[in-house]
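# Topology and contacts: notes
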Amino acid sequence: MMNSQTAPGLDVLLQNARRRAGLTQEQLAGLSTVSVRAIRDLELGRVQHPRKETLRLLANAMRLTDARRIELELAVDAQAVGRVFQDIYGADLAVPPAPLRPLVGRRPELEALTARLSTEHERLLTLVGLPGVGKTRLAQEAASVLHARDRVPVLWVAMDGAAETTGAAANSPLSTMTGWVRSLARDGEKLDELATVIGHKPTLIILDGYDSSPSAIRPLLNLLRVCERVKILTTTCRPVQLPGGRLLPLAPLPVPAPSDLAASLPGDSLVTDRPAVELMLSHVSHMRPDFLPTDTVTTTAAHICRALDGIPQALEAAASWLLLYSPEQLLDIARTVPLVLVDGVTPTDPAAGPALSDRLAAAVTGLGPRATALLRTPVDPWTVDDAARANGTSLAETARDAHALLVRGLIRQLPTTPGGPVGFTVLNLVRAALAAEQERERERERGSLVDALVE
């Protein structure tokens, strides 16, 4: 909550507002009918609790926005936070972050997500999938649809601590409320503040990157009980089933089948109903406008999409390498050492968190031994029966592990023929991450052996 230690005082706020308005104390006095002495005392901090009418006159004279007026009132009376927020809380205050780019593909997923968020019965949903697969982007689009269509207030909270993308200023009402939500999700605090402000108003809370354990969800469940029209959507890389919630797995974008790529189809045919290729071509045209979407370029882009599993963030990062390589060279790298491409040419900002390659590595290192063995099944593609025989596990165990990997997005279900068995394949980037982890294990073993010999 805002207080004298975290927010500017009334004196500083008034001085800054007057200077932004380009007014002297005398000019402000003339416009507001408040005396010069009173303005001087306020700016020197001699008056801590001025009359509301005085603040209103000064705010009108300086033509302050609603947000600036609220800052003045809160600086006078910190206890007024709840009352003020109740008055202003709504769709105009709680706005979701504006997407910076159009959503490519994901139309069925978007419709399914918005439909569930529009019902009375679905109040706790979790989008789960691989890092870089587009969970945040899909959540943004769904929030924008509900906000624009139904005028639902949206409290968007980046759980990794990243700056909010709504443009809300620090210590603004929206920033304060999202801080309350973050505090509730992390430490179980601020329930009373949120419940008081939200009350019976419909609200969508989005916790982007919520990776807490099921036991830590209790404060959020309490908010759902107290505020009966609140809905919570979380995004995560871990398929944790929250009490009373529903998991919505998000798979990578569909990629062309090997048979389509081998058939030398025209470029247009590889783009139709294949959003991964469409997305890759948009990145290609951005990085290299001189590359026209010829059949050759489109076919190469389609092969790159398949090598990088149709993961949107990986495709964007790979396209940045076109400043150094031709599409054909890029395809060769994608097929042999794909993890080299997924972080892009420009180093990522450390403040933005781990790079995609590190997050992919973390996604596979936290698995149990059976699930890891299933990812390393020697046959590809495989059915549950194939994998059970190859790994010496029961059908029930293999089916459970395959389901967990599928929900997590580490394997892809292949198209099936009517009456035929369901086949699965491990994503190329997952195989690469497993191989890299295996090599690191060998290096650690060699290091341990050397240390033992030295001792």
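Residues numbered from 1 in each chain as written. Predicted model: local features only at pLDDT ≥ 70, side-chain atom pairs only at ≥ 80, totals over all residues. Heavy atoms only, no water.

### Some thoughts on the pairing of strand β1 (residues 124-128)
With 5 of 5 residues buried, β1 lies mostly within the body of the structure. Going residue by residue along β1, you find L124, T126 and V128 tucked away on one face and L125 and L127 tucked away on the opposite face as well. Across 5 bridges, β1 lies against strand β4 (residues 230-236) in parallel orientation. Directly across from L125, in β4, lies its bridge partner L233. (Buried < 20%, exposed > 50% of the residue type's maximum accessible area, 1.4 Å probe, protein only. Helix = DSSP H or I, 4+ residues; strand = E, 2+ residues; numbered from the N terminus. Pairing = 2+ DSSP bridges.)

### Observations regarding helix α15 (residues 295-307)
Between the first and last C-alpha of α15 there are 18 Å, a value that for 13 residues agrees with the 18 Å anticipated at 1.5 Å per step. Those residues of α15 not exposed but buried are V297, T298, T300, A301, A302, H303, I304, C305 and A307. One or two positions beyond α15, positive phi appears at D309, with a value near 65 degrees. (Expected span 1.5 Å × (residues − 1).)

### Focus: a nonpolar patch on the surface
Together, L323, L324 and V345 line one region of the surface with nonpolar side chains, adding up to about 280 Å² of accessible area. Assessed through its relative accessible area of 35%, V345 is described here as partly exposed. (Patch = residues over 30% accessible without salt bridge, like charges linked within 9 Å, V, L, I, M, F, W, Y side chains within 5 Å. Areas by Shrake-Rupley, 256 points an atom, 1.4 Å probe, with all protein chains shown as cover. Salt bridge = Lys/Arg side-chain N within 4 Å of Asp/Glu carboxyl O.)

### Overview of the environment of S35
Mapping S35 onto the fold places it in the loop between α2 (25-32) and α3 (36-43). The class for S35 is partly exposed, based on a relative accessible area of 40%. Expressed as a C-alpha distance, the spacing of S35 and L14, which sit 21 residues apart in the sequence, is 14 Å. From its side chain, S35 meets the backbone nitrogen of A38 in a polar contact 3.0 Å long. (Polar contact = N/O pair within 3.5 Å; in protein donor to acceptor, adjacent residues only side chain to side chain.)

### As for the nonpolar core
In terms of nonpolar packing, the biggest core is built from 76 residues, with L113, L130, L204, L233, M280, L375 and V430 touching the most fellow members. Setting aside its immediate chain neighbours within four residues, V430 contacts L130, V364, L375 and L410. Among the nonpolar cores identified, the runner-up in size contains 31 residues, and Y89, V157, A195 and V230 belong to it. (Core = buried A, V, L, I, M, F, W, Y, C linked by side-chain atoms within 4.5 Å. Contact = heavy atoms within 4.5 Å.)

### Observations concerning the environment of A396
Residue position: A396 is located in helix α21 (residues 395-408). In this structure, the C-alpha to C-alpha distance between A396 and H121, residues 275 residues apart in sequence, is 32 Å.

### Points about the confidence of the model for the chain
The predicted model of the chain has a mean per-residue pLDDT of 86, with 90% of residues at 70 or higher. Scored below 50 in pLDDT, residues 1-7 shows 15 contacts in the model against residues more than four places distant or in partner chains. Under a pLDDT of 50 for its full length, residues 163-167 has, in the predicted model, 11 contacts with residues more than four places off or in other chains. (pLDDT = per-residue confidence, 0-100.)

### Examining the pattern of salt bridges
Evaluated as defined, the whole model comprises 19 salt bridges. The partner of R442 in a salt bridge is E439, with the nearest N and O atoms 3.2 Å apart. Placement of both R442 and E439 in helix α22 (residues 428-454) is noted, with a separation of 3 residues, approximately one turn of the helix. On the accessibility criterion, R442 (39% relative accessible area) is partly exposed. A single salt-bridge network, built from bridges that share partners, covers R116, E122 and R246.

### Here's the deal with the sheet that holds β1
Read from one edge of the open sheet, 5 strands run β2-β3-β4-β1-β5, paired in parallel fashion. Only two strands of the sheet have a single neighbouring strand rather than two, namely β2 (154-158) and β5 (246-249). Going across the sheet, the axis of each strand differs from the next one's by a mean of 20 degrees, ignoring polarity. Lying over the sheet, helix α11 (residues 218-226) contacts β1, β3 (203-208) and β4, oriented at roughly 155 degrees with respect to β4. (Axes fitted to C-alpha atoms, helices over the stretch in contact; angles between N-to-C directions.)

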